[in-house]
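# Commentary on secondary and tertiary structure
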Amino acid sequence: MINFSLNFPPKIDFGWGAATYLPKHVNNFGKRALLFVGSHSLAESGTENNIFDALKSEDIDFEREEITSEPSVELIDALAGKYRGSDFDVFVGIGGGSVLDATKAVAAMCAQDDDTANYLDYGQASGPGKMLKPAQVPIIAMPSNVCTGSEATNTAALVHRGEAGYKGYLKEYSLMPKVALIDPSLTITLTQEDFLFNIIDSFSSMLEAFVSKGSNIFTDSLMLEGLSMLQTILMGMLSGTEMKKETFEQLAYASLMAGIASSNSATTIHQNLAFAISGIYDIPHAKLMATLLYPATLVNMRKVQMFDAQGEATAKYSMFGSAMSGMDYAFEKHHVLLRAASETLLSMRDDHQIPSLEALGVQKADFYKIASATRQEGNPIELAETEIMDILDLAW
């Protein structure tokens, strides 16, 4: 029997030049918009002003709020306090994942009457946070990078740093954008380094969604296609292949797929380790995901092969190895395909010179704290704390 449920944005507009549709979508909700922006490249290229001019031409009244870093609970508390009770008809996020997460988080907290930290679902000693009341202001999400598809999720990732720091999610169905407006042309100003880490972040999210306990038959079919697409693009980057219009479109599409997968699956040890590290260190999430991809996958594959050799997780990691290597999948080839999966990720790490945790500034003295704070409900197999420490050692 096949059972699954799916969360999608009600409206997805995808295509080169789709940003020009923004006034039309805003008009569907009203004439007052609060814009969250954060990409300096959009401002420098003139794209941001073009968007503003298009809104003005439709007599849309808007205010602008700039998001300059990964959103924290302190920032969201301040912004929610500023805009709670305002008369905006729609919130619009234009930028990277941090901007879109901030947009959703402010929408969420404008509907609450206490602090953001009380609602985070991760890292709290007392367990999951309080249940959110639904957001009252609709959200339009317009990404300007190719990452993990925040435009297609009903979550907002926030960080709470300090001695007992952690990173967690606000999650509520009403945080799913009413419109995901995806224009691949907005990503052409990204640097080569941004592209690399964002691509690997999307790759990581797809693999995570494919093997997690929360996966389903629908997302599985998307993920292997997306992983193969991204592998081809990464190989092209190594050979110096010029980024073409089609490549930007593929990357934006892959990011959307990663978001859909994230909304309809679960996180594994890989992303949850990145969250635990983010509670202590101010390191870009995409870089952490790239650094942890090989060691987290290797430790997971070793354990599923040892303790669940005929299980679904072993089969899925083997299917991943098949997709990456081009070898046909067969049950009797599991050992070979798992090795192919490992070799693919090791080559990706070495060929693209992915930094180690040491290079990113993570201290070994914090490993125990990180391992202790790492959840693994969605991981395909339960890891011992020593095995989580092994991941950190391999990444260091």
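Here, the structure is the one placed above.
Here the structure is a predicted model, which means the values were calculated and not measured. (Residues numbered from 1 in each chain as written. Predicted model: local features only at pLDDT ≥ 70, side-chain atom pairs only at ≥ 80, totals over all residues. Heavy atoms only, no water.)

## Observations concerning the environment of Leu293
Operational definition: Helix and strand definitions here come from DSSP, where helices need a minimum of 4 consecutive H or I residues and strands a minimum of 2 consecutive E residues; each element is numbered from the N-terminal end. When accessible area is computed with a 1.4 Å probe and restricted to protein chains, residues below 20% of their type maximum are described as buried, those above 50% as exposed, and intermediate ones as partly exposed. In what follows, residue pairs with any heavy atoms lying within 4.5 Å of each other are defined as contacts.
Checked against the element boundaries, Leu293 lands in helix H10 (residues 285-307). The class of Leu293 is buried, set by a relative accessible area of 3%. C-alpha of Leu293 to C-alpha of Glu208: the two residues are 85 residues apart in sequence and 9.5 Å apart in space. Those residues in contact with Leu293 that lie beyond four places of it in its chain are Ile200, Phe203, Ser204, Leu207, His270, Leu345 and Met348.

## So, the environment of Glu65
Residue position: Glu65 is located in strand E3 (residues 61-66). Setting aside anything within four residues of it in sequence, one finds Glu65 in contact with Leu35, Phe36, Val37, Leu79, Lys82 and Tyr83.

## Comments concerning a nonpolar patch on the surface
Which entries qualify depends on this criterion: Patch membership needs two things, relative accessible area over 30% and no salt bridge, and members are linked within 9 Å if like-charged or within 5 Å if nonpolar (Val, Leu, Ile, Met, Phe, Trp, Tyr). Only the protein chains shown count as cover for residues, and all accessible areas are computed by the Shrake-Rupley method using a 1.4 Å probe. A carboxyl oxygen of Asp or Glu within 4 Å of a side-chain nitrogen of Lys or Arg is what we treat as a salt bridge.
Residues Ile2, Phe4, Leu6 and Ile217 make up a contiguous nonpolar surface patch of roughly 370 Å² in combined accessible area. Among the structural elements, Leu6 can be located in the segment before strand E1 (11-14).

## Structural notes on the packing of helix H11 (residues 312-325) against helix H12 (residues 334-351)
Stated formally: Helix axes are fitted to C-alpha atoms over the stretch in contact, other axes to C-alpha atoms as well, and angles between N-to-C directions run from 0 to 180 degrees. An angle below 35 degrees is treated as roughly parallel, one above 145 as roughly antiparallel, one from 65 to 115 as roughly perpendicular, and anything else as oblique. Helix crossings fall into two classes, left-handed where the near helix is turned counterclockwise from the far one by less than a right angle and right-handed where it is turned clockwise.
One way to put it is that H11 packs onto H12 with a least axis distance of 7 Å and a crossing angle of 60°. As judged from the angle between their axes, H11 and H12 are oblique. Regarding H11 and H12, the two cross each other, and that crossing is left-handed. Residues Thr314, Ala315, Tyr317, Ser318, Phe320, Gly321, Ser322, Met324 and Ser325 of H11 pack against His334, Leu337, Leu338, Ala340, Ala341, Thr344 and Leu345 of H12.

## With respect to the sheet that holds strand E8 (residues 179-182)
In plain terms, the rule: A pair of strands is treated as paired once DSSP finds two or more bridges between them.
Spatially, six strands are ordered E1-E8-E5-E4-E2-E3 in an open sheet, and the strand pairing comes out parallel. The sheet is open, and its two borders are formed by E1 and E3, each paired with just one other strand. Strand after strand, the sheet turns through a mean of 15° between neighbouring axes, direction not considered. Relative to E3, strand E2 (residues 32-37) runs parallel, the two being bridged by six bridges. The residue of E3 that forms the bridge with Leu34 is Glu63. Along the sheet face, helix H3 (residues 47-57) touches E2, E3, strand E4 (90-95) and strand E5 (139-143) and points at about 155° away from the line of E3. Together, E2, E4 and E5 form the strand contacts of helix H5 (residues 97-109), whose direction differs from that of E4 by roughly 165°.

## Looking at the side chain of Thr153
To be explicit about the condition: Polar contacts here mean pairs of N or O atoms no more than 3.5 Å apart (in protein, one a potential hydrogen donor and the other a potential acceptor; neighbouring residues in sequence count only if both atoms are side-chain atoms).
Here Thr153 shows up in the loop between E5 and strand E6 (155-160). Engagement of the side chain of Thr153 in a polar contact is seen with the side chain of Lys104, the distance being 2.8 Å. Here the side chain of Thr153 touches Thr155 through a polar contact of 3.4 Å, side chain to side chain.

## Quick notes on empty space enclosed by the protein
Worth spelling out the cut-off: Throughout, the protein atoms alone are placed on a 1 Å grid, and a set of points is a cavity if a 1.4 Å probe fits but cannot get out or a pocket if it is open with protein on both sides within 12 Å along at least five of seven lines; lining residues have an atom within 4 Å of a point. Grid points are joined across faces, edges and corners, and a volume is the space filled by probe spheres set on the points. Side-chain classes follow a simple rule in which Ala, Val, Leu, Ile, Met, Phe, Trp, Tyr, Cys and Pro form the nonpolar group, Asp, Glu, Lys and Arg form the charged group, and the remainder, Gly included, forms the polar group.
All told, the structure shown has three cavities of 30 Å³ or more when counted by the stated rule. The volume enclosed by the largest cavity comes to roughly 70 Å³. If you list the elements that add at least two residues to the lining of the largest cavity, you get helix H6 (192-211) and H10. Looking at side-chain class alone, the lining of the largest cavity contains five nonpolar, five polar and one charged residues. Put simply, the parts of the chain that give the lining of the second largest cavity at least two residues each are H10 and H12. Classifying every residue of the lining of the second largest cavity by side-chain character gives seven nonpolar, no polar and one charged.

## Considerations on helix H9 (residues 269-278)
An α-helical segment advances 3.6 residues per turn. Residues three or four places apart therefore align on the same side. Counting buried positions along H9 yields ten of ten residues, so the element is predominantly enclosed. All buried positions along H9 are accounted for by Ile269, His270, Gln271, Asn272, Leu273, Ala274, Phe275, Ala276, Ile277 and Ser278. Of the surrounding elements, those touching the buried residues of H9 are E6, strand E7 (166-171), H6, H10, helix H13 (367-372) and helix H14 (385-395).

## Notes on the packing of aromatic side chains
Aromatic ring pairs: the centre-centre distance and the angle between the two ring planes describe each pair. Formally: Pairing of aromatic side chains here covers Phe, Tyr and the six-membered ring of Trp, requires ring centres within 6.5 Å, and sorts the geometry by plane angle: under 30 degrees stacked, over 60 edge-to-face, intermediate tilted. Cation placement over rings: the criterion is NZ of Lys or CZ of Arg within 6 Å of the ring centroid and within 35° of the ring normal.
Counted according to the given criterion, the structure contains ten aromatic pairs. With a centroid separation of 5.7 Å and 70° between ring planes, the pair formed by Phe36 and Phe91 is classed as edge-to-face. Of the two residues, Phe36 sits in strand E2 while Phe91 sits in strand E4, which places them 55 residues apart along the sequence. Judged by its relative accessible area of 0%, Phe36 is buried. For Phe91, a relative accessible area of 1% translates into the label buried. For the ring pair Phe195 and Phe248, a centre distance of 5.6 Å and an interplane angle of 50° mean the geometry is tilted. In this pair, Phe195 is assigned in helix H6 and Phe248 in helix H8 (residues 245-263), connecting sequence segments 53 residues apart. According to the relative accessible area criterion, Phe248 is buried, its value standing at 9%. Cluster of aromatic residues (ring-pair linked, three or more members): Phe36, Tyr83, Phe88 and Phe91. A cation over an aromatic ring shows up here: Lys24 above the ring of Tyr21, its NZ or CZ 4.9 Å from the ring centre. In this structure, Lys316 packs its charged tip against the face of Phe210, placed 5.0 Å from the ring centre.

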